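So you can see what is in the structure, the chains are spelled out below.
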Amino acid sequence: MCATSEPSDDGDPKNIVLIGFMGSGKTRVGEALAQRLGRESIDTDAMVEAESGRVISDIFAEDGEETFRDLESAAVEAASARVAVVVSLGGGAVLRPENLASLRKTGVVFLLDATAEAIYDRVRDETHRPLLNVPDPVRTIRELLDVRRPYYAQADVVVDTTGRCVSEIVDEVLDRYHKH
Ligand code: S3P
């Protein structure tokens, strides 16, 4: 069912942390989850952009990926210090083990999983992700997924998003969050 529901706070202070590849739906699912629970939604990409006053593609172009990862780690640290929020991470934030370790102290980590084909379908018309602005994005998606799979596998809970709408994914995350 893809209907929307009224917000309802469950009183549980543990954060809901969403990880997954670019285009797996973390931001949209995070906002819908936050609305459903009456919680705040925070997004580490948005924190990096607000803190640096630049969009991510400019940070990559001007200072390189490592500088972006340093800014991202600082955003993760700040997000981990919050309670009872929904945190959406950039797709590569899991590459630094200390990021997941810190988020796990205050939250339950959910992987929003998707196939390379589903990811490509979702990102093909978007241009704001520097890592996918390449001649053969499908190949890049597969290569990055291969490298990142072991990192994503460290999630507490895996939720498949392929072929599912946001409200279905939210229902499953909430169900598994309450059981966790
Ligand atoms: C990245 C994912 C992006 C953003 C940056 C790098 C990655 O976030 O953090 O472009 O390395 O996978 P989304 O996953 O929200 O697109």
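Everything below is about the structure printed above this text.
Residues numbered from 1 in each chain as written. Predicted model: local features only at pLDDT ≥ 70, side-chain atom pairs only at ≥ 80, totals over all residues. Heavy atoms only, no water.

(A) Molecular detail of the pattern of salt bridges. The full count for this structure, using the stated rule, is 17 salt bridges. Between Arg124 and Asp121 there is a salt bridge; the shortest N-O distance is 3.2 Å. Its relative accessible area of 47% is what places Arg124 among the partly exposed residues. Where Arg176 meets Glu172, a salt bridge forms, and the shortest distance between an N and an O atom there is 2.8 Å. Separated by four residues within a single helix, Arg176 and Glu172 lie in helix α8 (residues 166–179), roughly one turn from each other. Assessed through its relative accessible area of 19%, Glu172 is described here as buried. (Salt bridge = Lys/Arg side-chain N within 4 Å of Asp/Glu carboxyl O. Buried < 20%, exposed > 50% of the residue type's maximum accessible area, 1.4 Å probe, protein only. Helix = DSSP H or I, 4+ residues; strand = E, 2+ residues; numbered from the N terminus.)

(B) How the structure looks around the packing of aromatic side chains. Inspection of every chain in the model, using the stated rule, returns one aromatic pair. Between Phe60 and Phe68 the ring centres are 5.1 Å apart and the planes differ by 40 degrees, which places this aromatic pair in the tilted class. (Phe/Tyr/Trp six-rings, centres within 6.5 Å; stacked < 30°, edge-to-face > 60°.)

(C) Summary view of the packing of helix α6 (residues 116–123) against helix α7 (residues 137–152). Their axes nearest at 10 Å, the elements α6 and α7 cross at an angle of 130 degrees. Accordingly, the angle class assigned to the pair α6 and α7 is oblique. Pair α6 / α7 crosses with right-handed handedness. In this structure, α6 contributes Ala116, Glu117, Ile119, Tyr120 and Val123 to the contact, and α7 contributes Pro137, Val138, Ile141, Arg142 and Leu145. (Axes fitted to C-alpha atoms, helices over the stretch in contact; angles between N-to-C directions. Parallel < 35°, antiparallel > 145°, perpendicular 65-115°, else oblique. Left-handed = near helix turned anticlockwise from the far one by under 90°. Contact = heavy atoms within 4.5 Å.)

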